[in-house]
Each structure stands twice: as structure tokens, then as C-alpha cells.
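Residue-level structure breakdown
Here are the chains, one letter per residue:
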Amino acid sequence: LLRVTAPVALARQQLVPHLPAFLRQYPELRMELDLSDRLSALAREGFDLALRHTTTPPDTHVAWALCETVAVLVASPAYLAERGAPRKPADLAAHDCLHYPRPGDTPAWRFERLRGAEPVSVPVRGPLAANNSEALRDAAIGGLGLALLPDFSAQAALASGALVPVLPGWRPVGAYGSHLWAIRPHTAQVPRSVRVLVDWLREAFRAGFAPS
């Protein structure tokens, strides 16, 4: 039995679709999947592995990098046709921005034009804030505003044309983690079942989440 915990949006969109092939390939394994955005205490709660979307994994755990991720600013074609497309970050003040709320933070998005350049921070406001990227994505598809999403949530909608990139000359920074990690508590030995799953996830996510 493999007990795995993963964020809700990531698991629903990117992990679960791969699991039938994995479990058919390893029929001796069973998986118990916990979909939760809270940070579980892995050892205390009995999890064998966690997927985490972060820039820096905890140094108290073993961590395997699965792939890089990026944030993307998107909107529906209908929204842009009605409201126009912003040309620079400062233009976002005139737009409805759907944001991911974080405790104690004033809503703001940060962008940089070139890696290493000084980021530009822009306060944002809009009709909806939600702590789930699927909810923000679906609201953006419905034309409610601009949304800043992790690439794994935007991938399918960008590929289909339901959403399009906004401010392509600017890179969002600091909104989400830079990598997807598989982590587990330090132990003397890593179970073979965990190694098999990690190797399989590395291959499944090797190409990242750029739209096809």
C-alpha cells in the first residue's frame, strides 16, 4: 500500500490521469491518495510520499525534483475582446484580476522582463479570489477576468484556445513554486514501491506542463 498526498488541483489535473497506467503496470501495488492543499506531517500521518509545488522543499525530508513549473497570466479571448489586452504590468490596474489569496498579503502580482532584472510589483483587485487554481482557471474561461495560474492548471485551456497568454513579454515571479517535488521523511531505506513511483512520475512529468 502506497499512501500519497498531493495538492487538489495538481492531483486532479495531472496526477490522477496517469494513475491507471501506473497501477496496471504494477498490479501488486495499491494506492491511497489524499487530495489536500494543507501541508501534512508525513511521518505522523503515515504518508509514504507527498507531491509538493514549491521552490524550496523542506530540508528535513528527502526530495526528488520531478519538473520545473512556471506561472502564466491568462484570459479568455472574449474578455480581451471586451476589455482590451494590457501591454505592461501597470495596465492591470484597469482590469479585473482573479487572484489566489494568501494570509496577511495585500494582493499584488510581480513580473520581470528579463531574468535577474528588478521585478515590478503591481497591486491587483477583482471580483473573485480563490485558493484553488482550478476555480480561478474556470472563472477566467468564463470571462470574469485575468488569472495568474500555475502552468499545470492552464495547460489544457491554453492548448484548446479557451485561454490565451497575456503580457507575453513579462514573466510572473513569486506567485507559485518553481518546481514540482516528490518528498518523503528521511529513513534508513527508501521502500522499492516509493522508488518505483518516483521514477515513474519523473518520466510522466519530464516534459513539464507546456501546452501541446
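The notes below deal with the structure included here. One numbering rule holds for all chains: residues counted from 1, following each sequence as written. Restriction of local features to residues with pLDDT of at least 70 applies here, the model being predicted, together with a cutoff of 80 or more for giving and counting side-chain atom pairs; totals for whole chains, interfaces and linings are based on all residues. To get the side-chain values, all heavy atoms of the structure are used, and hydrogens and water are removed first.

This next bit is on helix α6 (residues 151-160). Because each turn of an α-helix spans 3.6 residues, side chains separated by three or four positions end up pointing in the same direction. The buried fraction of α6 amounts to seven of the 10 residues, a majority that puts the element mostly inside the structure. Per-residue accessibility, obtained with a 1.4 Å probe over protein chains only, is compared with the maximum for each type, and a residue is labelled buried under 20%, exposed over 50%, and partly exposed between these values. Runs of E in the DSSP output that reach at least two residues are strands. Runs of H or I that reach at least four are helices, and both are numbered from the N terminus. If you check which residues of α6 are buried, you get Asp151, Phe152, Ser153, Ala154, Gln155, Ala157 and Leu158.

We now examine the sheet that holds strand β5 (residues 71-75). Ordered by their spatial adjacency, four strands build an open sheet running β6-β9-β5-β10, and the pairing between neighbours is mixed. Either end of the sheet is taken by a strand with one partner, and the two such strands are β6 (97-98) and β10 (164-165). The sheet contacts of helix α5 (residues 133-141) involve β6 and β9 (146-150), and relative to β9 the element is tilted by about 145°. Pairs of residues are marked as contacts when any of their non-hydrogen atoms sit within 4.5 Å. A fitted line through C-alpha atoms serves as each axis, taken over the contacting stretch for helices, and the angle formed by two N-to-C directions is quoted from 0 to 180°. Lying on the sheet, α6 is in contact with β5, β9 and β10; it crosses β9 at an angle near 120°. Only strands joined by at least two bridges in the DSSP assignment are considered to pair.

Here we take up the side chain of Asn132. With respect to the secondary-structure elements, Asn132 resides in the loop between β8 (120-123) and α5. Counting of polar contacts relies on pairs of N or O atoms within 3.5 Å, with two restrictions inside protein: one atom must be capable of donating a hydrogen and the other of accepting it, and residues adjacent in sequence are counted only when both atoms are side-chain atoms. Within polar-contact distance, the side chain of Asn132 engages the backbone nitrogen of Glu134 at 2.9 Å. Contact partners of Asn132, with chain neighbours within four places excluded, come to Val8, Ala9 and Tyr100.

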